[in-house]
Amino acid sequence: MKKVLGLGNALTDILLQVTEDDLRELGFPKGSMNLISMQQAEAIQFRFASVRKRMVAGGSASNTINCIASLGGKAAFIGKIGNDEVGDFYRGDMIKNGVKPILLLSKTTMSGCSIVLITPDGERTFATYLGAAAELCAEDIQRSAFDGYDIFHIEGYLVQNHELIEKSICLAKEAGCMVSLDLASYNVINENHEFLTRLVKDYVDIVFANEDESYAFTHLGPEESVCSIAEQCDIAVVKVGKNGSYVKSGDKQYHIGAITTNCTDSTGAGDLFAGGFLHAYSDGFDIRRCAEIGTIAAGRVVEIVGTKLSDETWDEIRRICALYRGFMQKYNND
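It should be emphasised that the depicted structure is a prediction, and the values quoted were computed from it without experimental measurement.

Notes on the nonpolar core
So, step 1. Counting residues in hydrophobic clusters, the biggest one holds 49 residues, and the most contacted among them are Leu7, Ile141, Phe146, Phe152, Leu183 and Leu196.
So, step 2. Sort the elements by how many residues they give to this core and helix H5 (residues 162–174) lands first, with 5 residues.
So, step 3. Those residues in contact with leucine 7, other than ones at most four positions away along the chain, are Ala61, Phe77, Ile78, Leu136, Ile141, Phe152, His153, Ile154, Glu155, Leu158 and Ser168.
So, step 4. Counting 48 residues, the second largest nonpolar core, distinct from the first, contains Ala75, Ile151, Phe273 and Ala280.

Some details on the packing of helix H3 (residues 60–70) against helix H10 (residues 269–282)
So, step 1. The interhelical angle for the contact between H3 and H10, taken along N-to-C directions, is 40°, at an axis separation of 8 Å. Judged by the inter-axis angle, H3 sits oblique to H10. Note that H3 runs across H10; the crossing there is right-handed. Every residue of H10 that contacts H3 at Ser60, Asn63, Thr64, Cys67 and Ile68 is listed here: Asp271, Leu272, Ala274, Gly275, Gly276, Leu278 and His279.
So, step 2. Counted by class, the contact of H3 with H10 contains 5 nonpolar, 6 polar and 1 charged residues.

Quick notes on the pairing of strand S13 (residues 245–249)
So, step 1. Counted residue by residue, S13 has 4 buried out of 5 residues, so it is predominantly covered.
So, step 2. With 4 bridges joining them, strand S12 (residues 235–239) and S13 adopt antiparallel strand pairing. Considered in S13, the bridge of valine 237 is made with valine 247.
So, step 3. Hairpin geometry of S12 and S13 is characterised by an intervening segment of 5 residues between the two adjacent antiparallel strands and by a positive phi of about 60° at glycine 241.
So, step 4. Hairpin remark: S13 followed by strand S14 (residues 252–256), antiparallel, with 2 residues in the connecting loop; positive phi at glycine 250, about 60°.

Quick look at helix H11 (residues 287–301)
So, step 1. The end-to-end C-alpha distance of H11, which contains 15 residues, comes to 21 Å, matching closely the 21 Å that a straight helix rising 1.5 Å per residue would cover.
So, step 2. H11 sits mainly inside the fold: 12 of its 15 residues count as buried.
So, step 3. Of the positions making up H11, those classed as buried are Ile287, Cys290, Ala291, Glu292, Ile293, Gly294, Thr295, Ile296, Ala297, Ala298, Gly299 and Val301.
So, step 4. The residue sitting at the N-terminus of H11 and contributing the capping side-chain oxygen is aspartate 286; that oxygen lies 3.0 Å from the backbone nitrogen of arginine 288.

Description of the sheet that holds S12
Strand-to-strand pairing in sheets goes through backbone hydrogen bonds, with the strands running parallel or antiparallel.
So, step 1. Ordered in space as S6-S5-S1-S9-S10-S11-S12-S13-S14, the 9 strands form an open sheet in which the pairing is mixed. Where the open sheet ends on each side, the last strands, each with one partner, are strand S6 (100–106) and S14. Across the sheet, the axes of successive neighbouring strands diverge by a mean angle of 15°, strand direction being ignored.
So, step 2. Relative to S6, strand S5 (residues 74–82) is paired through 7 bridges, and the arrangement is parallel. What sits directly across from phenylalanine 77, in S6, is proline 101.

What to know about the sheet that holds strand S2 (residues 11–17)
So, step 1. An order of S3-S8-S7-S2-S4 is seen for the 5 strands of this open sheet, with the pairing classed as mixed. A strand with exactly one partner marks an edge of an open sheet, and here the two such strands are strand S3 (33–35) and strand S4 (53–58). Sheet twist, expressed as the average angle between the axes of neighbouring strands with direction ignored, equals 25°.
So, step 2. Note: strand S7 (residues 112–118) against strand S8 (residues 124–129), 6 bridges, orientation antiparallel. Residue isoleucine 118 lies in a different strand from S8, and its bridge partner there is arginine 124.

Points about unusual backbone geometry
Leaving glycine aside, a negative phi is the common case for residues, and trans is the common case for peptide bonds.
So, step 1. The backbone of alanine 184 sits at a positive phi, close to 80°, despite the residue not being glycine.
So, step 2. In this structure, alanine 184 sits in the loop between strand S10 (178–182) and helix H6 (186–191).
So, step 3. Given the relative accessible area of 11%, alanine 184 is considered buried.
So, step 4. A positive phi angle, close to 60°, is found at histidine 219, a residue other than glycine.
So, step 5. Examined against the element boundaries, histidine 219 turns out to sit in the loop between helix H8 (211–218) and helix H9 (222–230).

Reading guide: rules and limits
Residues numbered from 1 in each chain as written. Predicted model: local features only at pLDDT ≥ 70, side-chain atom pairs only at ≥ 80, totals over all residues. Heavy atoms only, no water. Core = buried A, V, L, I, M, F, W, Y, C linked by side-chain atoms within 4.5 Å. Buried < 20%, exposed > 50% of the residue type's maximum accessible area, 1.4 Å probe, protein only. Helix = DSSP H or I, 4+ residues; strand = E, 2+ residues; numbered from the N terminus. Contact = heavy atoms within 4.5 Å. Axes fitted to C-alpha atoms, helices over the stretch in contact; angles between N-to-C directions. Parallel < 35°, antiparallel > 145°, perpendicular 65-115°, else oblique. Left-handed = near helix turned anticlockwise from the far one by under 90°. Nonpolar A, V, L, I, M, F, W, Y, C, P; charged D, E, K, R; others polar. Pairing = 2+ DSSP bridges. Expected span 1.5 Å × (residues − 1). Polar contact = N/O pair within 3.5 Å; in protein donor to acceptor, adjacent residues only side chain to side chain.

The values are spatial; any link to function lies outside them.
As structure tokens, then:
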């Protein structure tokens, strides 16, 4: 089984269920990712002090890597945390999930957090204080970190730091890794379109995007955009929510239907789709089966608040992977 290394913002998610009016008053576009200051983070938490909240270790690439490890894959994660209780919680959670944490330590800045504002339709809007996570820089990334890994997965939320992204990807390529990129957010793409276009064309092997992100990247509808992206990389995935996903590699293209779920919170759906997909890919599955495993993981996480699935749910997905693996082995033997 191939080993996966992730790089991303080490953030602790603070999950809050809010109304549409709350979002309008805060001035955050629905479904967007917004960088905020420590003072803004404190003000938002004060505003919703009476609202029940839940705290979990998160961050886009971290969620993906945790999913891979929870499904039995071999995975590690590079990030930066503060020397504080939140950072200790974050490290402990990764170890508990079977991830090898490669966490650099800031001695002066507190650990970052992402306030996830969840509206009644399950859509999530992010207000993110990066904290120590934002101090992760190109000088922190060493060539030796990639030794022994086969796939390098990065989140688009890091793309504002062009030097960090480019150095990391070049070192990964030198080490023989495939590069996987989650485009992360339509507003991030709009702000970094030229850089991302060059990155995908020159370095990236696997691209994950949702409908809004793929439109921002290609200015095309989902089915047309997956074809456009696949012309620039080996594997393209465009997720379209309740309508499933499109996946294309070379002359192989599939539409994978979504599973029927009761959507409570879409936080982490795209991250776990990528996690399920990459785990299956690392185990030698074809792209259609990879997308199906990703769909199941995403479908299960939207049924709960947050990104932490129960042990029983992970067992269920692992059993499905084992069935697919058995079918694949029987097919190859025949």
